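The residues making up each chain are set out below.
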Amino acid sequence: MSSALVIKNLHLAIDNSKDAVPILRGINLDLRAGEIHGLVGESGAGKSMLGRVILEILPPRAKITEGSIDYPTRPLPGKTKGRSAARHRPHISLIPQDPMTSLNPVKKIGKQMSEILRLNQTGRARNMLDQAEKLLREVKIKNPARVLQQYPHQLSGGMRQRALIAMAFSTKPQIIIADEPTTALDVSVQRQVLRLIQDLQKQHGTTILFITHDLGVVAKICNRVSLMHSGMILEQGNVAEVFCTPTHAYTRSLLAAIPRYDRPLRELTPVAESLQLQLQREARAYDHQKRN
Ligand SMILES: Nc1ncnc2c1ncn2[C@@H]1O[C@H](COP(=O)(O)OP(=O)(O)O)[C@@H](O)[C@H]1O
Ligand SMILES: [Mg+2]
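Only a predicted model underlies this, so the values are computations on that prediction, with no experimental measurement involved. (Residues numbered from 1 in each chain as written. Chains lettered and ligands numbered in written order. Predicted model: local features only at pLDDT ≥ 70, side-chain atom pairs only at ≥ 80, totals over all residues. Heavy atoms only, no water.)

S.K.: Tell me about the nonpolar core, and please be specific about residues and values.
M.R.: Ile95, Met113, Leu136, Val139, Ile165, Ile208 and Phe210 are the most contacted members of the largest nonpolar core, which totals 51 residues. Considering every element that reaches this core, the biggest residue donor is helix H7 (residues 157-170), with 7 residues. Each of domain 1 (3-91 + 177-291) and domain 2 (102-171) contributes no fewer than three residues to this core. The contact partners of Leu136, leaving out residues within four places of it in the chain, are Met113, Ile141, Pro144, Val147, Leu148, Ala163 and Ala166. (Core = buried A, V, L, I, M, F, W, Y, C linked by side-chain atoms within 4.5 Å. Buried < 20%, exposed > 50% of the residue type's maximum accessible area, 1.4 Å probe, protein only. Helix = DSSP H or I, 4+ residues; strand = E, 2+ residues; numbered from the N terminus. Domains from an automatic or database assignment. Contact = heavy atoms within 4.5 Å.)

Listed below in structure tokens is the structure:
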């Protein structure tokens with residue numbers, strides 16, 4: 001299978017006035033075209049920052065200090081229109097974690113969607129609104145014509161996330177970064193939104209980097225998975241293999257911490273603090289070794 005994105009030995013640091021704080025440490029990631037790749041890790045592991053590197057929306061003081069990012073299947077320059085061709089990279093979209101803060105609160109949904117569509121094609125405003133309505137219908141929003149005339153606060157969390165998913169897919173991106181897209185939603189809505197992302201992914205053949213801290217979600221929708229801690233990928237592979245025969249202690253520990261209906265709750269073992277500390281020590285030792 002061809003690769004949509006290949007990251008090799010990527011290092012990223014935040015430049016403070018005094019020194020550079022390492023955030024990503026030697027990341028290797030090969031996103032195969034058409035796969036859903038899970039990126040798992042606890043808070044602060046560096047998942048969103050890796051997503052931001054790919055989207056090229058890094059915070060001001062964040063710098064790539066080493067490594068490379070390639071898009072082997074990118075469209076040839078000149079064959080596509082607009083900015084993405086000029087930058088020689090395929091079109092990449094984001095499905096964000098928090099649908100409320102990711103939408104503009106003072107603009108109607110229809111206006112926000114038309115603006116995105118107009119950035120990516122030429123045409124009349126009326127035509128864009130028709131397209132937006134069709135897109136809302138595709139993400140199973142009932143009464144899309146009415147929703148186009150509403151403001152974000154008038155929609156439920158699930159509806160807002162559906163609208164954002166419609167926007168993410170509207171430009172026919174090759175790659176989508178889904179950064180914890182269901183974390184802010186109720187459990188029942190989470191399931192529907194996951195199913196929707198899966199359906200659209202299949203329909204369009206999109207490559208998705210699916211960021212989550214939920215291994216259950218990974219088991220359900222991902223082909224491969226990378227486990228991250230302290231800015232490093234500790235384990236990577238096919239979901240079935242990683243779940244059945246995890247090689248890293250951290251992966252085993254995370255898997256043991258998943259509640260299962262066929263086991264008593266008292267058998268749950270949270271990730272040990274000693275393991276956390278060991279991983280942090282390893283990260284610091286790695287930084288030290290690199291500096292010298
Ligand atoms: N805008 C920022 N400026 C400086 N440091 C940041 C910024 N965003 C995140 N970080 C730091 O980068 C590390 C990784 O953060 P992040 O990628 O958001 O983790 P995750 O998404 O896995 O929870 C954390 O130590 C965090 O404090
Ligand atoms: Mg994050």
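Still to come is the rest of the account.
S.K.: Now, about the site of ligand 1: what can you tell me, with residues and values included?
M.R.: Taken together, Ile14, Ile23, Glu42, Ser43, Gly44, Ala45, Gly46, Lys47, Ser48, Met49 and Pro59 make up the full set of residues adjacent to ligand 1. Residue Ala45 places a main-chain N or O atom 3.2 Å away from an oxygen atom belonging to ligand 1. Note that an oxygen atom of ligand 1 is positioned 3.0 Å from one of the backbone N or O atoms of Gly46. Starting from 560 Å² of accessible surface for ligand 1 in isolation, the protein chains cover 61%. (Near = heavy atom within 4 Å. Polar contact = N/O pair within 3.5 Å; in protein donor to acceptor, adjacent residues only side chain to side chain. Areas by Shrake-Rupley, 256 points an atom, 1.4 Å probe, with all protein chains shown as cover.)

S.K.: Pulling in residues and values, what's your account of the sheet that holds strand E7 (residues 207-212)?
M.R.: Taking strand neighbours across the sheet as the criterion, the 6 strands line up as E5-E6-E7-E3-E8-E9 in an open arrangement whose pairing is mixed. Of all the strands in the sheet, just strand E5 (92-95) and strand E9 (232-238) have a single pairing partner and so form its edges. Pairwise comparison of adjacent strand axes, ignoring direction, gives a mean angle of 20 degrees for this sheet. Bridge count for strand E3 (residues 36-40) against strand E8 (residues 224-229) is 4 bridges, and the pairing is parallel. Looking across to E8, one finds that Leu39 is bridged to Ser226. Where helix H8 (residues 187-204) meets the sheet, it contacts E3, E5 and E7, and its direction lies at approximately 160 degrees from that of E7. Across the sheet, helix H11 (residues 249-256) lies against E3, E8 and E9, angled at about 105 degrees from E8, the strand it touches most. (Pairing = 2+ DSSP bridges. Axes fitted to C-alpha atoms, helices over the stretch in contact; angles between N-to-C directions.)

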